[in-house]
Amino acid sequence: SKHEYDRLWFNWHMCENRLQKKIIREKFENAKLSGNLKSFDQEYNALFTVDQSSFFTDKMVESGIDPDATMEYFWKSSPCVIAIDYGMQDSATVITVKTKFNRKIRTLFQWGKKDFDENLLLKPEFEHSIPTLMKRYNVWKIVVDDCPQGSTINKELENKGYPVVRFNFRSDQTKGDRNRGYYMYRYALKRGLIKYPRIKELIHEMKILQEVQLKTTVAIHAPRGYNDDRIDSEMMAAIPFLMEDEGSFESYIVDPLSEPREEKEESYQDQRIDTEWLELTGGLEENA
């Protein structure tokens, strides 16, 4: 739009300090390798973007599907992890069972239900309760959502001596595991370590999951009006296998910049950009 004001645009190429420019150039190269150019553009290129994109690409999600895999109602061949994501309001309680077999972290079973009575998880008569799942699978760990909704069940499972590990979903606090867990999971998926059957609900949630840059942190969640219960549970069930050498959730810190960037992956997927500013750049990446 036309107006009486002049607009000035300054990006990092205009920096006169050679050392500072060298440091920024190194950050630019790291951003290219990690696929995290959106944050770099905001910090150093004065490109005012809405930093919102799909967390997984369609190609990444499809690569994790094992067309020959089916739900395994029983499995004793290798250690298994049960993950429970508790439902709240319109979301579902989801149970996922994963194992590591032939060097792949495989989903054996997943079940979910809205308006579920979590007390049934302790009842042997319920088909998918913890006591029955312990009989059906060679259970190594039970990863539970550490939230108020599941506090009573979590305490009772611990009191009964089950191998419970609490997973904290507070992504806006230092102790939160959600983002670290998701970055670990995505990295493993890129490397071909994650496999799952063609579970329609799971695949749908993976494809709509978003990564949104906030003022002080990154939020990873489903768009408004959608759920991420199944992918949350799937991710939680994979984490113990991804960190066997680390010993605890707290000891494993994932830097998203350490993730290798997939070739030809779109850097601005689902992102709205001020195109007028982009026209002024003349192609930043080529000039870097």
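Anything mentioned here points back to the structure above.
Residues numbered from 1 in each chain as written. Predicted model: local features only at pLDDT ≥ 70, side-chain atom pairs only at ≥ 80, totals over all residues. Heavy atoms only, no water.

(A) Molecular detail of helix α6 (residues 178-190). Here α6 spans 18 Å end to end across 13 residues, near enough to the 18 Å set by a 1.5 Å rise per residue. In terms of burial, α6 is a largely internal element, eleven of the 13 residues being buried. Along α6, the positions that sit buried rather than exposed are Arg178, Asn179, Arg180, Gly181, Tyr182, Tyr183, Met184, Tyr185, Arg186, Ala188 and Leu189. Gly192 sits one or two residues past α6 and shows a positive phi near 80 degrees. (Helix = DSSP H or I, 4+ residues; strand = E, 2+ residues; numbered from the N terminus. Expected span 1.5 Å × (residues − 1). Buried < 20%, exposed > 50% of the residue type's maximum accessible area, 1.4 Å probe, protein only.)

(B) Local environment of the pairing of strand β6 (residues 137-145). In this sheet, β6 lies alongside strand β3 (residues 75-85) in parallel orientation, the contact comprising six bridges. Its bridge partner lying in β6, Ala83 is registered against Val143. Looking at chain direction, β6 and strand β7 (residues 164-167) are connected through four bridges and run parallel. When the bridges of β7 are listed, Val144 appears paired with Arg166. Between the parallel elements β6 and β7, the chain passes through helix α5 (residues 151-159) in a crossover that is right-handed. (Pairing = 2+ DSSP bridges. Right-handed = clockwise from strand over helix to strand, strands pointing away.)

(C) Structural detail: the pattern of salt bridges. Tallying each qualifying case throughout the model produces eight salt bridges. A salt bridge links Glu62 to Lys207; the shortest N-O distance between them is 2.6 Å. Of this pair, Glu62 sits in helix α3 (residues 58-63) while Lys207 sits in helix α7 (residues 200-208); the two residues are 145 residues apart in sequence, bridging distant segments of the chain. Since its relative accessible area comes to 27%, Lys207 is described here as partly exposed. (Salt bridge = Lys/Arg side-chain N within 4 Å of Asp/Glu carboxyl O.)

(D) Spatial organisation of the packing of α6 against helix α8 (residues 229-242). In contact at an axis separation of 9 Å, α6 and α8 are set at 75 degrees when each is read in the N-to-C sense. By the angle between their directions, the pair α6 and α8 is classed as roughly perpendicular. Taking contact as the criterion, the partners of Arg178, Gly181, Tyr182, Met184, Tyr185 and Ala188 in α6 are, on α8, Ile231, Asp232, Glu234, Met235, Ala238, Ile239 and Leu242. For the contact of α6 with α8, the residue count by class is nine nonpolar, one polar and three charged. (Axes fitted to C-alpha atoms, helices over the stretch in contact; angles between N-to-C directions. Parallel < 35°, antiparallel > 145°, perpendicular 65-115°, else oblique. Contact = heavy atoms within 4.5 Å. Nonpolar A, V, L, I, M, F, W, Y, C, P; charged D, E, K, R; others polar.)

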